[in-house]
Amino acid sequence: MSKRGPKLALQREADTAIAQAGVPIGQIFLEFLIIGATSFGGVVPYLRGSLVNKRHWVDDKEFVEMLSISQSLPGLNATNMAILVGEKLHGALGSIVAILGICLPGAALMYVVGMFYRMHGDHVWVTAALKGVAAAAVGLILSTVVGLSEKSLAQKFDFVFMALTVIAVNRLHQSVPRTLIAVGLLAIFFHRPDKGQKESAAP
Amino acid sequence: MNQIPALVRVFAYLSLLTVGGGLAAFPEMKILTVEVHKWLTFPQLIHLYSVGQMAPGPNMMMIVCIGQWAGGLLGAVAVLLAFFGPTAVLAFIVARLRKKLEKWPWRTSIQQGLAPVSIGLLLAGCFTMAKGAIFGVETAAIAVGVLMILLQYKVNPALLVLGGAVVGVLSFMPT
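Residues numbered from 1 in each chain as written. Chains lettered and ligands numbered in written order. Predicted model: local features only at pLDDT ≥ 70, side-chain atom pairs only at ≥ 80, totals over all residues.

1. Description of unusual backbone geometry
- Unlike most non-glycine residues, His173 of chain A shows phi in positive territory, near 55°.
- Tracing the backbone shows His173 of chain A in the loop between α7 (158–171) and α8 (176–190).
- Even without glycine at this site, Lys38 of chain B takes up a positive phi of about 55°.
- Its place among the elements puts Lys38 of chain B in the loop between α2 (26–36) and α3 (42–52). (Helix = DSSP H or I, 4+ residues; strand = E, 2+ residues; numbered from the N terminus.)

2. Overview of the nonpolar core
- Counting 113 residues, the largest nonpolar core has Val85, Ala136 and Val138 of chain A together with Met62, Val79 and Cys126 of chain B as its most contacted members.
- Per element, the largest residue contribution to this core is 17 residues, and it comes from helix α5 (residues 77–120) of chain A.
- Residues lining this core come from more than one domain, with at least three contributed by each of domain 1 (4–133) and domain 2 (135–175) of chain B.
- The contact partners of Val79 of chain B, leaving out residues within four places of it in the chain, are Leu7, Phe11, Ile63, Val64, Ile66 and Gly67 of chain B. (Core = buried A, V, L, I, M, F, W, Y, C linked by C-beta atoms within 7 Å. Buried ≥ 20, exposed ≤ 12 C-beta atoms within 10 Å, placed from the backbone. Domains from an automatic or database assignment. Contact = placed C-beta atoms within 7 Å.)

3. Some words on the domain arrangement of chain B
Residues and elements named next belong to chain B.
- Here chain B is described as being made up of domain 1 (4–133) and domain 2 (135–175).
- Taking only C-alpha atoms into account, the centre of domain 1 sits 25 Å from that of domain 2.
- Between domain 1 and domain 2, the residue contacts involve 4 residues of the former and 4 residues of the latter.
- By residue class, the composition of the side of domain 1 that touches domain 2 is 2 nonpolar, 2 polar and no charged. (Nonpolar A, V, L, I, M, F, W, Y, C, P; charged D, E, K, R; others polar.)

4. Here's the deal with α5 of chain A
- End to end, α5 of chain A covers just 32 Å across 44 residues, shorter than the expected 64 Å (1.5 Å per residue, more than 12% under).
- Of all the bends in α5 of chain A, the greatest measures close to 140° and is centred on His90 of chain A. (Expected span 1.5 Å × (residues − 1). Bend = angle between axes of the 7 residues up to and from the residue.)

5. Quick word on the packing of helix α1 (residues 4–15) of chain B against helix α4 (residues 63–101) of chain B
Residues and elements named next belong to chain B.
- The geometry of α1 relative to α4 is characterised by a closest axis approach of 8 Å and an angle of 40° between their N-to-C directions. Judged by the inter-axis angle, α1 sits oblique to α4. As for how α1 packs across α4, the hand of that crossing is right-handed.
- Here the residues of the contact of α1 with α4 are counted per class, giving 15 nonpolar, 5 polar and no charged. (Axes fitted to C-alpha atoms, helices over the stretch in contact; angles between N-to-C directions. Parallel < 35°, antiparallel > 145°, perpendicular 65-115°, else oblique. Left-handed = near helix turned anticlockwise from the far one by under 90°.)

6. Some words on the interface of chain B and chain A
- The interface is formed by 95 residues belonging to chain B together with 85 residues belonging to chain A.
- Counting only elements with at least two residues in the side of chain B that touches chain A, the list comes to α2, α3, α4, α5 (106–133), α6 (137–152) and α7 (157–172) of chain B.
- Counting residues per element, the side of chain B that touches chain A draws most heavily on α5 of chain B, at 23 residues.
- Residue composition of the side of chain B that touches chain A, grouped by class: 66 nonpolar, 27 polar and 2 charged.

7. A closer look at the environment of Ala133 of chain B
- As for its placement among the helices and strands, Ala133 of chain B is situated in helix α5.
- Assessed through the 28 C-beta atoms surrounding it within 10 Å, Ala133 of chain B is described here as buried.
- Put simply, Ala133 of chain B and Pro43 of chain B are 90 residues apart on the chain and 7.9 Å apart in space, counted from C-alpha to C-alpha.
- If sequence neighbours within four positions are ignored, Ala133 of chain B has contacts with Ala134, Ala135 and Val138 of chain A together with Ile46 and Thr139 of chain B.

Right, here's the structure in full:
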């Protein structure tokens, strides 16, 4: 208790400060620029470390909620989080500087990498390395799929919707938007509000 | 030939497909950038995507390379704006409505319903990519190895992708 007391008070202080004046634009830009430049291997842990633990701009509960909104919107988690947090801290301008900050370092780096790859992409050692990199990326994506399935699938039946999506895109060669709308609506209808309430009330 | 309008059209469209992650748009990205517009080859797309996993920040920054190849610096900027602009506006609208949405009963339905579909899209993107990236014992072993390590230990994924490069050099360098 004695340990949490001052932390909570600090948090409350920070919250009122945000509510009163908004966090300065420069600070928001700088913080997201740092995240954009250092977040090797996935942005989310870096966002949490910086926004929740270091700056106290959002608390953990709000962070998780923003993240779940980010995941069900189109757009990458990283940029959606930048928009949501930026908006909370300083309105539209906050959103703009946050997304710019988080995108600029990686974009600049990939610009250079793209030029290098175009010039040297056919060297033997580069092609050899890239074969390994691409295979590793496939493993990385599969681990993301496993992690997300464990975390965010509400019921066993959700695997049916997941399988339907894969079959529609990979086997039946349906376009992604058509699949997204068809299977998405079906799945949303399956999880429709009153059914969920009955289910949680039943046991 | 000015490719900027086509770049903007393609990447604005792709941005709306990235539900759950950038890779959800990968099958359509392959069709549009490789087959329709021929801005790059399929192996190049796979390479850029994979190398992009080692870069910090949002993990689809490899689109910058496609923009740069097809339209120079202006192409790169156009692609960035087209790919991040539309979803940013949408996220901003949702950010404004966030407090109201908390009480909306369909919110949970949408989140629970879209979760399996977005994971399915991710997996579909992964399969599309695997078709070009996995072609033999070595590449399969690298992919399975990375998967097992990530499921078992807390390792920075960027390091494993870098490790993949090392294993790639060791396995595929002509001796």
